Structures are given as structure tokens and as C-alpha cells.
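Residue-level listing of the chains:
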Amino acid sequence: MCNKALIKTVKEIQNQDMSHFNELYGEFEKLLRYYERKLGYDDAGQELTLFLIELIYGLDTDKFKPDDTETLKRYIAVSVRNQYILLSKRNQRYILSCNELYDNLGHYCLEPEDGISISEGLKLLSERQRLAVAYRYIYGFSDAEIADMLSVSRQAVNRLETRGLAVLREYYLG
């Protein structure tokens, strides 16, 4: 699809005419499916599709010439690739955090039947502490990302995590 046709389609979508979205999606479906398979988790396809929609709605089509080149198509493809890279890094942080969490918990379990119930310890934390600990060690978000989600400073996130982990250590280690 050349710039001229793609700009027209994007503008129609931006004007709330979603009947053209399937046409646009068809142009990038193969690329989206490829990155979805590479990411390898359940919601990857939905996250990439949502990113594509947000990208289209925020796109300034005036920056592209309405000619027969495919610069807009390449711009969208590169943006999708960059989102894939971002999601891939986030997924890697999540996996590392989960492995670290499970490794640390494994030291305190003598037998499988003696396994620690994480949910019991998390009930002792305040809502914000629970969110800060979960976002960090389960989902792998950075202090800055958690601060944005909780609408607090990075220092406050650090304090929430520190206090939450102290409560958990006291509960599990006595």
C-alpha cells in the first residue's frame, strides 16, 4: 500500500470510520503475527494490535507525502518492531524476576508440602506495598514505571518495596 492510499485509510480511521481498519490491519497482520510468535506469551498479539491502533490514532499524516512511496508503511513497521523490542525486554525482566523470586523462596522450603503460601504473606501488606512488590518482582517493572502507575515518586516506590519486603521477611523467617 503506497503513502497515498495508506494516508487516506489512516485519516478515515482517525475520523472514527473503523470499517477501514481491517484493510490496514491486513497490511501488517503478517508482521504482527511474527512478533507475537517471537514474544511467545498469551496477550502478545493483543498488545501489539492495541499498539497499532494507538499508533494510528496518534499518527500525524501531514509528515508524509501523499505519493507512491511506502515511507509511511515502513514507519509503521519500524514502530511495531520497536514495540516488539520493548515488550521483549519487559518479558525478559519478568522472567528474570520470577526466577529470582522462586530461587529465593526455594531456600526456605524443605519439602514440597512445606511450600510457602505467598498469598498469606501478601495479605499482611498495605495495598500500595502489595502493588509495589508485585509490580517489581512478579511483573518486572522498573522504579520509574511503578512510580508512574502508582502516581508517586521513585523514592516512595523504593520505601514501599523496602517496607513490604521487611514485612514478608519477618513473616516467613520469623
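Rules behind the numbers
- Residues numbered from 1 in each chain as written.
- Predicted model: local features only at pLDDT ≥ 70, side-chain atom pairs only at ≥ 80, totals over all residues.
- Heavy atoms only, no water.
- Salt bridge = Lys/Arg side-chain N within 4 Å of Asp/Glu carboxyl O.
- Helix = DSSP H or I, 4+ residues; strand = E, 2+ residues; numbered from the N terminus.
- Buried < 20%, exposed > 50% of the residue type's maximum accessible area, 1.4 Å probe, protein only.
- Axes fitted to C-alpha atoms, helices over the stretch in contact; angles between N-to-C directions.
- Left-handed = near helix turned anticlockwise from the far one by under 90°.
- Contact = heavy atoms within 4.5 Å.
- Nonpolar A, V, L, I, M, F, W, Y, C, P; charged D, E, K, R; others polar.
- Phe/Tyr/Trp six-rings, centres within 6.5 Å; stacked < 30°, edge-to-face > 60°.
- Polar contact = N/O pair within 3.5 Å; in protein donor to acceptor, adjacent residues only side chain to side chain.
- Core = buried A, V, L, I, M, F, W, Y, C linked by side-chain atoms within 4.5 Å.
- Expected span 1.5 Å × (residues − 1).

1. Side note on the pattern of salt bridges
Here is step 1 of the chain: Under the definition given, this model contains 7 salt bridges.
Here is step 2 of the chain: The partner of arginine 33 in a salt bridge is glutamate 36, and the shortest N-O contact between them spans 2.6 Å. Of this pair, arginine 33 and glutamate 36 both sit in helix α2 (residues 21–39), separated by 3 residues, roughly a single helical turn.
Here is step 3 of the chain: On the accessibility criterion, arginine 33 (31% relative accessible area) is partly exposed.

2. Some points on the packing of helix α6 (residues 127–137) against helix α7 (residues 143–150)
Here is step 1 of the chain: Between α6 and α7, the least distance of the axes is 10 Å, while the angle of their chain directions is 140°. Between α6 and α7 the crossing geometry is right-handed. Residues Arg128, Leu131, Ala132, Tyr135 and Arg136 of α6 form the contact with α7, whose participating residues are Asp143, Ile146, Met149 and Leu150.
Here is step 2 of the chain: Grouping the amino acids of the contact of α6 with α7 by side-chain chemistry returns 6 nonpolar, no polar and 3 charged.

3. Notes on the packing of aromatic side chains
Here is step 1 of the chain: Inspection of the entire model under this criterion finds 5 aromatic pairs.
Here is step 2 of the chain: Geometrically, the ring pair formed by phenylalanine 21 and tyrosine 25 is tilted, given 5.9 Å between the ring centres and 35° between the ring planes. Here tyrosine 25 and phenylalanine 21 lie together in helix α2, a separation of 4 residues that amounts to about one turn. Take phenylalanine 21 and tyrosine 25: they sit in the same class, and that class is buried.
Here is step 3 of the chain: Taken together, the ring pairs in this structure connect Tyr34, Tyr35 and Tyr84 into an aromatic cluster.

4. Description of the side chain of glutamine 129
Here is step 1 of the chain: Within the secondary structure, glutamine 129 sits in helix α6.
Here is step 2 of the chain: Judged by relative accessible area, which is 13%, glutamine 129 ranks as buried.
Here is step 3 of the chain: A distance of 3.1 Å separates a polar side-chain atom of glutamine 129 from the backbone nitrogen of serine 126.
Here is step 4 of the chain: Filtering out sequence-adjacent residues up to four positions away, glutamine 129 remains in contact with Leu160, Arg163 and Gly164.

5. Things to note about the nonpolar core
Here is step 1 of the chain: Ranked by internal contacts, the top residues of the largest apolar core, which has 26 residues, are Leu24, Leu52 and Ile76.
Here is step 2 of the chain: Those elements giving two or more residues to this core turn out to be α1 (3–14), α2, α3 (44–58) and α4 (71–106).
Here is step 3 of the chain: Here this core takes 7 residues from α2, the largest share from any one element.
Here is step 4 of the chain: Leaving out residues up to four positions away in the same chain, leucine 24 has contacts with Leu6, Thr9, Val10, Ile13, Leu52 and Ile56.

6. What about α1?
Here is step 1 of the chain: The first and last C-alpha atoms of α1 sit 16 Å apart over 12 residues, in line with the 16 Å expected at 1.5 Å per residue.
Here is step 2 of the chain: Two residues or fewer past α1, glutamine 16 is found with a positive phi of approximately 70°.

7. A look at the environment of leucine 150
Here is step 1 of the chain: Counting through the fold element by element, leucine 150 comes out in helix α7.
Here is step 2 of the chain: For leucine 150, a relative accessible area of 8% gives the class buried.
Here is step 3 of the chain: Along the backbone, leucine 150 and leucine 131 are 19 residues apart, and their C-alpha atoms lie at a distance of 8.4 Å.

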